[in-house]
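If you want the building blocks of each chain, they are given just below.
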Amino acid sequence: MTDISTINDGVVAEGQSSLAEGDTTGREPVIRFDAVTKKFGDVTVLDALDFEVRKGEKVTIIGPSGSGKSTVLRILMTLEQIDGGVIHVAGKPLWHEARNGTLVPAGEEHLRMMRKEMGMVFQQFNLFPHMTVRRNITEAPMHVLGLSRAEAVARADEYLELVGLSDQADKFPSQLSGGQQQRVAIARALAMRPGIMLFDEPTSALDPELVGEVLNVIQRLAGEHDLTMLLVTHEMAFARQISDRVCFFDKGRIVEQGPPEQIMSAPREARTQAFLSGCLQPG
């Protein structure tokens, strides 16, 4: 158990709205990792990681395979448990809950509540093949948020229009291109109205000619909507263009972070330089 008084600075007051409303200029952290450790067997994937993302910030994580990038997102979505440390999301502990002045491991009800703060777009599209595009988007708002069918359909149509797929609502995923399926996955995540969007290599499963249509949607979201965004990507030019901050991960730690122009054009650390040299070579 952890003494809550040592780690609850910045906690959202009881009853206060968290991410989707309120002042966007305060820039308080809405994601905070404090000395978070994650192991798979004998392999340490996150090594006492300290990491923050502020409200409205667009942060991209880059780094070599196995550096812990995707694990950060999977932990936030409660798909992987942590082995040490504490994470706060929207001012509330994610993997813990307060009980008698201490933090204890969170129960399933708390985890379900916290998942509503975030939407995630995976490498694979993970659409239900037996459901139409529209139904893929309406299921969670109806069953998790309690929306009526009419409300869920209206919300689905709103986000299908945003991602440019209004004319595909009655098709099945198998009838769409990979790029279209990923755009449906983005609309599905947005339909839950999260304040934080997580993108885990959203173009890695796409043919090269389809990458641009997905990146254009994400860029539009970043520019036009009040979302906190955390992205893992190997698209370095896109990371430079969309990010407020780029973090280079290696061996479960942040080696270097800063504005995208500084990280991409003038990295200070030798490990960052070597990684980017390999990524940015022509041809």
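- The name an unreviewed UniProt entry gives the protein chain is Ectoine/hydroxyectoine ABC transporter ATP-binding protein EhuA, with Corticimicrobacter populi as the organism.
- Recorded under Subcellular location (unreviewed entry), the UniProt text for the protein chain is reproduced unchanged: "Cell membrane".
- Its UniProt record, at the heading Sequence similarities (unreviewed entry), says of the protein chain: "Belongs to the ABC transporter superfamily."

1. Concerning the environment of glutamate 108
At step 1: Turning to its location among the elements, glutamate 108 is positioned in helix 2 (residues 108-115).
At step 2: Exposure remark for glutamate 108: the relative accessible area of 41% places this residue in the partly exposed category.

2. Description of helix 1 (residues 69-76)
At step 1: Here helix 1 lies mainly inside the structure; six of its eight residues are buried.
At step 2: Three or more residues of helix 1 are buried, namely Lys69, Thr71, Val72, Leu73, Ile75 and Leu76.
At step 3: Of the residues one or two after helix 1, threonine 78 is the one with positive phi, at around 60 degrees.

3. Here we look at the packing of aromatic side chains
At step 1: Tallying each qualifying case throughout the model produces three aromatic pairs.
At step 2: Ring centres 6.0 Å apart and planes at 65 degrees place the aromatic pair phenylalanine 33 and phenylalanine 51 in the edge-to-face group. Pair noted here: phenylalanine 33 is in strand 2 (residues 29-40) and phenylalanine 51 is in strand 3 (residues 43-54), with a separation of 18 residues, a long-range link.
At step 3: Of the residues examined, phenylalanine 33 reaches a relative accessible area of 1% and is grouped as buried.
At step 4: Here phenylalanine 51 falls in the buried class, since its relative accessible area comes to 3%.

Analysis parameters
- Residues numbered from 1 in each chain as written.
- Predicted model: local features only at pLDDT ≥ 70, side-chain atom pairs only at ≥ 80, totals over all residues.
- Heavy atoms only, no water.
- UniProt positions renumbered as here; feature names shortened; annotations may be inferred.
- Helix = DSSP H or I, 4+ residues; strand = E, 2+ residues; numbered from the N terminus.
- Buried < 20%, exposed > 50% of the residue type's maximum accessible area, 1.4 Å probe, protein only.
- Phe/Tyr/Trp six-rings, centres within 6.5 Å; stacked < 30°, edge-to-face > 60°.

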